[in-house]
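Observations on chain architecture
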Amino acid sequence: MAIAARQPGRLDDMSSRFVSETYEDFVERLDAGELDSEEKKQILLDIYLEQLLEQYPQWENSKAWSVAGA
């Protein structure tokens, strides 16, 4: 059985789970009405970004951040 080489920028199981859990948390808060302003949304996104960079510092130079705010 061949082991696939890790590709740069590809999500591993841990980072994929982080993204999934963060998305679910954001949607739940949005549905609950906790994020009723753009300012509150941005504050929460900034918190997620801080958590992400603590866990995955190699992502700091990722170009994906321009997509997150779109």
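For the structure itself, consult the block above.
Attention in this report is confined to the structure presented alongside it. Note that this is a predicted model, so its numbers are computed, not measured.

Conventions and cut-offs
- Residues numbered from 1 in each chain as written.
- Predicted model: local features only at pLDDT ≥ 70, side-chain atom pairs only at ≥ 80, totals over all residues.
- Heavy atoms only, no water.
- Phe/Tyr/Trp six-rings, centres within 6.5 Å; stacked < 30°, edge-to-face > 60°.
- Helix = DSSP H or I, 4+ residues; strand = E, 2+ residues; numbered from the N terminus.
- Buried < 20%, exposed > 50% of the residue type's maximum accessible area, 1.4 Å probe, protein only.
- Salt bridge = Lys/Arg side-chain N within 4 Å of Asp/Glu carboxyl O.
- Expected span 1.5 Å × (residues − 1).
- Arc of directions from axis to C-beta.
- Axes fitted to C-alpha atoms, helices over the stretch in contact; angles between N-to-C directions.
- Parallel < 35°, antiparallel > 145°, perpendicular 65-115°, else oblique.
- Left-handed = near helix turned anticlockwise from the far one by under 90°.
- Contact = heavy atoms within 4.5 Å.
- Nonpolar A, V, L, I, M, F, W, Y, C, P; charged D, E, K, R; others polar.

This part covers the packing of aromatic side chains. A complete count under the given rule lists two aromatic pairs for this structure. Measuring from ring centre to ring centre gives 6.3 Å for Phe18 and Tyr56, while their planes differ by 65°; the resulting arrangement is edge-to-face. Pair noted here: Phe18 is in helix 1 (residues 13–31) and Tyr56 is in the loop between helix 2 (38–55) and helix 3 (65–68), with a separation of 38 residues, a long-range link. Here Phe18 and Tyr56 have matching classes, each one buried. A ring pair is formed by Phe26 and Tyr48, whose centres lie 6.5 Å apart and whose planes are at 65°; its orientation type is edge-to-face. Here Phe26, found in helix 1, pairs with Tyr48, found in helix 2; they are 22 residues apart in sequence, far enough to count as distant. Across this residue pair, the class does not change: Phe26 and Tyr48 are buried.

With that settled, consider the pattern of salt bridges. Across all of its chains, the model carries four salt bridges by this definition. The shortest N-O distance in the salt bridge between Asp36 and Lys40 comes to 3.0 Å. Overall, the relative accessible area of 39% leaves Lys40 in the partly exposed class. Among the ionic contacts, a cluster of salt bridges with common partners joins Asp25, Arg29 and Glu34.

For helix 2, spanning 18 residues, the distance from its first C-alpha to its last is 26 Å, which sits close to the expected 26 Å at 1.5 Å a residue. The set of residues buried in helix 2 consists of Leu44, Tyr48 and Leu52. Looking straight down helix 2, one finds that the buried residues subtend no more than 85° of arc, so they occupy a single side. Opposite its buried face, helix 2 presents the exposed residues Glu39, Glu50 and Glu54, each directed more than 90 degrees away.

The subject of this paragraph is the packing of helix 1 against helix 2. Running from amino to carboxyl end, helix 1 crosses helix 2 at an angle of 165°, the nearest separation of the two axes being 12 Å. Relative to helix 2, the element helix 1 lies roughly antiparallel. The handedness of the crossing between helix 1 and helix 2 is right-handed. Judged by residue contacts, Phe18, Thr22, Asp25, Phe26, Arg29 and Leu30 of helix 1 engage Lys41, Leu44, Leu45, Tyr48, Gln51, Leu52 and Gln55 from helix 2. Here the residues of the contact of helix 1 with helix 2 are counted per class, giving seven nonpolar, three polar and three charged.

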